[in-house]
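Fold and geometry: a report
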Amino acid sequence: MTDRSLSAPWGRRPLLSVLLAVLLMALITQISSAAWNNPYPGSDSGKNILYSSFSERPKHLDPIRSYSSNEYAFIGQIYEPPLQYNFLKRPYELEPLTAERIPHPRYYNAAGREISANGGAKVAYSVYEIHIRPGIRYQPHPAFAVDAQGRPRYLSLTKKDLKNVHSLADFPYQGSRELVAEDYVYEIKRLAHPRLSSPIQGLMNEYIVGLKDYAATLAKAWKQQVAKVGEDKAFLDLRDYPLAGVKVVDRYTYSIKVKGRYPQLLYWLAMPFFAPMPWEADRFYSQPGMKERNISLDWYPVGTGAYMLTVNDPNLRMVLERNPNFHAQFYPSKGEPGDRAKGWLADAGKRLPFIDKVVYNLEKENIPYWNKFLQGYYDVSGVSSDSFDQAIQFSHQGEAELTPLMRAKGIKLLTSVQTSISYMGFNMLDPVVGGYSERARLLRRAIAIAVNYEEFISIFANGRGMPAQGVIPPGIFGYVGGKAGIDPYVYNWVNGRPQRKSVAEARTLLVRAGYPGGRDIRTGKPLLIHLDITGGGPEDKARFDWLRKQLKKIDLELVVRNTDYNRFQEKMRKGNAQLFMWGWNADYPDPENFLFLLYGPNGKAKYHGENAANYSNPKFDRLFEKMKTMDNTPQRLALIKRMVNIVRRDGPWIWGFYPKQFVLYHSWYHNAKPNQMAHNTLMYRRIDPQLREQKRAEWNRPIIWPLALLLLLLVVSLIPAIVVYRRKERQPALIRSRRAR
Amino acid sequence: MLAYIVRRLLYAIPILIGVNLLTFSLFFLVNSPDDMARMHLGMKRVTPEAIVKWKQERGYDKPLMYNANISGLGAFTDTIFFEKSVSLFAFNFGSADDGRDIGFDISQRMWPSLAIAVPVFIVGILVNITFAMLLAFFRATYIDIWGVVLCVVLMSISALFYIIGGQFLIGKLLHLVPISGYDTGLSAVKFLILPVIIGIIGGIGAGSRWYRTIFLEEINRDYVRTARAKGLSELAVLFRHVLKNAMIPILTGAVVVIPALFMGSLLLESFFGIPGLGSYTIDAIRNQDFAIVRAMVFLGSVLYIFGLILTDISYTLVDPRIRLD
């Protein structure tokens, strides 16, 4: 019996045959061509393009609002504040970027008379005058486009004009203009704009003269504008609203007047909050219809930096391309000792940037990113816990090194201690663990000894951390290493290294505190310590169990109060937590930016500040107030040491650890030196696209024999089915019917 | 039929109001507007003034559902619930908390979702039906037994395993397709092959078993015996008669999910870096972006209701005995 449905179709269908043949040819051509798994267009092969990724879309690209590292990865390359950090030098050193030189403040007393730098407490105001280099130009942008008569093309648009506009690329004309001091002033004024929530407005209100009142002025003017023309057409041209403390001196000079002394202002001047904003851009994006099209400063930055954002599809990819108007900027010719040996001075004096284009792809998960890095489709990678064992091993000396697999690929490893700290804090307002009595101090100290952070780093951070001895991490002025730098209340110096005090010592402290055997000597009840925390994954459970075990060593019971993020934050704000885990990432490399975390008037519960432990010691506070306005001198160091000793004695934190960053990069990636402070590091990086192409081709040859094998298996497995089918078809109907039942 | 459809659409209005109310209540039960502001303003240096400003900018400074400061109807209309809900019924989704236009984002992100979901849906149904028919054809033989075992095995494996295993085997070891990523136009094809194959394989177990059960139920009916008695081959019986009559339960399951294909697949989109609506929703929940959450829940409800109406209509197409009155 023949079955028509099983007969081959190609003999009678020439079109289908041709199509199949074409497909087959295409397949064969593909096999012989480059890697099949290349996620990038073939036209990009061999080009000077760096590939990176982002896991979630940046919320803000407006420099006045942006305040997170994933946003700075983009805007740091686009916006140029007046100052920057030297790419190579350590400790971190500020240098001019668009400024002619580092500004030095002039000091004034309350009567407005200039006084010397040694004016001390008499200093009522400091004035910083910043001179901008002439000739710096903005990236091409429609906001600057002008017609033949020199009139702006796109600053008086109506909704009708925007009918066919969906992105910036839909504006056919672009223009540029020179950077002037007015642009920097404009941006500082934006700190007080009623429609922008700048995270540092509150802080700057305390320092920049007149900023607080300026916010009220703008709020009033905004209301009037809205009443007059409606919200969608309202626009405040900030040039028309003077700000007392920030003034344009001349075309290339502006001044900032701050209350008292505030040397940290220089660090802020290296952050995007103080980058220039041309009024044309503000006007351009404020036009009716722009917001509905997602065309805003939050999405399309306008800067003078080495790169400009040419594609912003946060659902897919973001692309930075070389700014054709970028001013002359050169690779540094001086670094720290050892930089030359590592090849980090090979490009000294060369014009920046080196890379033409940077493509950031949306990559939500670590595993695909890691695998693509191994295939050569990403140039640099961190090391996630999923891939740690595959990438890193520890030598007998405990040093992190690459596994043979990584070395065989020519991958290199860079480690650096981050300018941040991860710690456990005691709520100093808590009646049990808080307070400043000797009993409470001893209890905190006993717990600090019991919680073995060396073990924590090894188990939960894959060794990527350095046990902390105090609040200031390495690389920041005030950090003291070695024997002199250990916390003598928690560590001993043994055989040339710090050693945590014994559990027996912790128990003794506990007895002295009035908790022998973990029981309160007054009530006889066991002492319960509550850890307030947020999180709930399997990894967190292991962490909680470990923490319970640590306190159990000194007979204390740890109760983990695990809540959702919002409730946890609420507890912290209200000062209801007892023991908590927290962290801080430096804004700038100054000890003030760490020691202020323990400054009384920064208490979280009372003052909504960043002092999460609500620590308040008048002696510490007085020293802090003195130290924060000082230059990095031996006198300042002496003050810092006294402050650190005070907090070590009081023990409001279990110091925790300074996280270590592990970076892997391929052999074609150069100038990889990590810089924790600088945001504009992309222009210093260099790649060798030819070597990358060669390695990619070598590592990604398609392997097709398993496919053929699979096909063969399918065919073979069909044979018994065909046999059964034939047998069934030949059976008498009655048997078939019975079987069916 | 038109009257039936209009009636169903009218029924949908209170359902949508209820869904919206439920979403609103659940969301604000665990997140206050202050929490939302803090989440958006970040961890560092957030002042109470900044929180107030953030809420004012986005209209979260009003009472949730009842404004005691205003009398009359205003007590209900000058609230977050009313202001954020009423525009939804005109399909005006407004702006996300980061200022992005939600309608625009949905219109952009539905295409990648559809690019995976449609082939997985169509090819998946074809593969499942074919496999189920094969098992039904070889019922009570070793092929059937081992086929069912295979289905159970396939059903028991986590979707995550298919994804990571597929990426490892096809993308990493064999270098046949990119491990993850997406592109527009025809360039998207090479990125879609692997997620589509994984989506199909991941659905074979449950789908084939379900369809096999349906086919076996049909196979024992009298009209099948009559067809066999007529001398038709087993293949002809299965494809011409059994398949047609099994279409109603198949349609029940299949048509209802067609509109929901827009909503995307969370895991596939996340692991393959495909910018669809599934990951959009999850990101919004993670970021406490109420505007997106309510828009997506509302859209999901509308699509589901639309799917149910489509299912009813499809019954009339495959079974002439059914009338929608």
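Not measured: the values here are computed from a predicted model. (Residues numbered from 1 in each chain as written. Chains lettered and ligands numbered in written order. Predicted model: local features only at pLDDT ≥ 70, side-chain atom pairs only at ≥ 80, totals over all residues. Heavy atoms only, no water.)

Our next topic: the overall build of chain B. The helix and strand tally for chain B stands at 15 helices and zero strands. The buried share among the 325 residues of chain B stands at 54%. Sequence separation of 24 or more characterises 69% of the internal contacts of chain B that already satisfy a separation of 6 or more. As displayed, chain B offers around 14900 Å² of accessible surface, 71% of which is attributable to carbon and sulfur atoms. Taken as two groups, the 27 positive and 23 negative side-chain charges of chain B have centres that lie 7 Å from each other. (Helix = DSSP H or I, 4+ residues; strand = E, 2+ residues; numbered from the N terminus. Buried < 20%, exposed > 50% of the residue type's maximum accessible area, 1.4 Å probe, protein only. Contact = heavy atoms within 4.5 Å. Areas by Shrake-Rupley, 256 points an atom, 1.4 Å probe, with all protein chains shown as cover. Lys, Arg positive; Asp, Glu negative; His and termini not counted. Charge placed at Lys NZ, Arg CZ, Asp CG, Glu CD.)

Applying the stated rule across the entire model yields 51 salt bridges over all chains. For Lys673(A), the salt bridge is made with Asp339(A), and the minimal N-O distance between the two is 2.9 Å. Here Lys673(A) is found in the loop between strand E24 (669-670) and strand E25 (686-687), whereas its partner Asp339(A) is found in the loop between strand E10 (317-322) and strand E11 (357-362), with 334 residues between them in sequence. On the basis of relative accessibility, which here comes to 1%, the residue Asp339(A) falls in the buried class. The partner of Asp347(A) in a salt bridge is Lys350(A), with the nearest N and O atoms 3.0 Å apart. With a relative accessible area of 1%, Asp347(A) lands in the buried category. When salt bridges that share partners are traced, they join Arg65(A), Asp298(A), Glu57(B) and Arg58(B) into one network. (Salt bridge = Lys/Arg side-chain N within 4 Å of Asp/Glu carboxyl O.)

The next thing to look at is helix H15 (residues 565-574) of chain A. Taken together, the buried positions of H15(A) are occupied by Asn566(A), Phe568(A), Gln569(A), Lys571(A), Met572(A) and Arg573(A). The inward-facing, buried residues of H15(A) contact strand E20 (528-534), strand E21 (557-563), strand E22 (579-585) and helix H17 (604-607) of chain A together with helix H1 (2-30) and helix H2 (33-41) of chain B. Positive backbone phi, approximately 75°, marks Gly575(A), located one or two places after H15(A).

A separate point is the pairing of E22(A). All names here are of chain A. The element E22 is extensively covered by neighbouring structure, given that five of its seven residues are classed as buried. Relative to E22, E20 runs parallel, the two sharing two bridges. Across the sheet, residue Leu-531 finds its bridge partner in E22, namely Leu-579. (Pairing = 2+ DSSP bridges.)

Moving on: the interface of chain B and chain A. By convention, interface size is frequently given as the accessible area that disappears when the constituent parts associate. Contact with chain B, which involves 65 residues of that partner, is made by 77 residues of chain A. A per-residue breakdown of the area chain B buries against chain A is headed by Lys44(B), Arg45(B) and His175(B), which together make up 14% of the total. Linking chain B with chain A are five salt bridges. Note that Asp105(B) and Arg57(A) form a salt bridge whose closest N and O atoms lie 3.1 Å from each other. For the pair chain B and chain A, the number of links is 24 residue pairs in polar contact (both at pLDDT 80 or more). When the residues that make up the side of chain B that touches chain A are grouped by side-chain class, the tally is 26 nonpolar, 19 polar and 20 charged. (Buried area = accessible area lost by both parts, 1.4 Å probe. Polar contact = N/O pair within 3.5 Å; in protein donor to acceptor, adjacent residues only side chain to side chain. Nonpolar A, V, L, I, M, F, W, Y, C, P; charged D, E, K, R; others polar.)

The next thing to look at is the confidence of the model for chain B. Residue-level pLDDT values for chain B average 87, and 99% of them are 70 or greater. Predicted as a complex, the structure gets a pTM of 0.86 and an ipTM equal to 0.82. (pLDDT = per-residue confidence, 0-100.)

Next up on the list: the packing of aromatic side chains. Per the counting criterion, the structure on display carries 54 aromatic pairs over all chains. An angle of 15° between the planes, with centres 3.8 Å apart, marks the rings of Tyr40(A) and Tyr51(A) as stacked. Highlighted residues: Tyr40(A) in the loop between helix H1 (14-32) and strand E1 (49-54) and Tyr51(A) in strand E1, separated in sequence by eleven residues. As far as the burial class goes, Tyr40(A) and Tyr51(A) line up, both buried. Feature note: the residues Phe24(B), Phe27(B), Phe28(B), Trp54(B), Tyr60(B), Phe81(B) and Phe290(B) constitute an aromatic cluster, connected by ring pairs. Across from the ring centre of Tyr107(A), 4.7 Å away, lies the NZ or CZ of Arg261(A), which sits over that ring. One residue, Lys84(B), lies across the ring of Tyr60(B), its end atom 4.4 Å from the ring centre. (Phe/Tyr/Trp six-rings, centres within 6.5 Å; stacked < 30°, edge-to-face > 60°. Lys NZ or Arg CZ within 6 Å of the ring centre and 35° of its normal.)

Turning next to a positive patch on the surface. Residue and element names in this part refer to chain A. Taken together, the side chains of Lys-619, Arg-622, Lys-626, Arg-642 and Arg-649 present a region of like positive charge at the surface. When contributions to the positive patch are tallied by element, the ones reaching two or more residues are helix H18 (618-627) and helix H19 (634-650). At three residues, the largest contribution of residues to the positive patch is made by H18. With respect to the helices and strands, the residue Lys-626 is situated in helix H18. (Patch = residues over 30% accessible without salt bridge, like charges linked within 9 Å, V, L, I, M, F, W, Y side chains within 5 Å.)

Turning our eyes to something else, we now look at the sheet that holds strand E7 (residues 246-250) of chain A. Sheet strands line up and pair through hydrogen bonds in the backbone, either parallel or antiparallel. All names here are of chain A. Pairing in this open sheet of five strands is antiparallel, and the strands run E5-E4-E6-E8-E7 from one edge to the other. Of all the strands in the sheet, the pair left with one neighbour each is strand E5 (114-115) and E7. Sheet topology note: the strand E4 (residues 106-108)/strand E6 (residues 125-131) ladder contains three bridges and is antiparallel. Note that in E6 the partner of Tyr-107 across the bridge is Ser-126.

This brings us to empty space enclosed by the protein. Following the criterion strictly, the structure yields nine cavities of 30 Å³ or more and no others. What the largest cavity holds in volume is close to 220 Å³. Lining the largest cavity we find 16 residues, and of these Arg57(A), Asp98(B), Asp283(B), Ala284(B) and Asn287(B) sit closest to its centre. At three residues, helix H14 (residues 277-286) of chain B tops the list of elements feeding residues into the lining of the largest cavity. Residue composition of the lining of the largest cavity, grouped by class: five nonpolar, three polar and eight charged. (1 Å grid on protein atoms, 1.4 Å probe; cavity = no way out; pocket = protein on both sides within 12 Å on 5 of 7 lines; lining within 4 Å. Points joined across faces, edges and corners; volume = space filled by probe spheres on them.)

Below, the discussion takes up the sheet that holds E1(A). All names here are of chain A. The four strands lie next to each other as E1-E11-E10-E9, forming an open sheet whose pairing is mixed. Only two strands of the sheet have a single neighbouring strand rather than two, namely E1 and strand E9 (307-313). With strand direction ignored, the average angle separating the axes of adjacent strands in the sheet is 20°. Alignment of E1 against E11, held across six bridges, turns out to be parallel. Each residue of the ladder has a partner; that of Ile-49, found in E11, is Lys-357. Contacts from helix H2 (residues 69-78) reach E1, E9, E10 and E11 within the one sheet, and its direction differs from that of E9 by about 140°. (Axes fitted to C-alpha atoms, helices over the stretch in contact; angles between N-to-C directions.)

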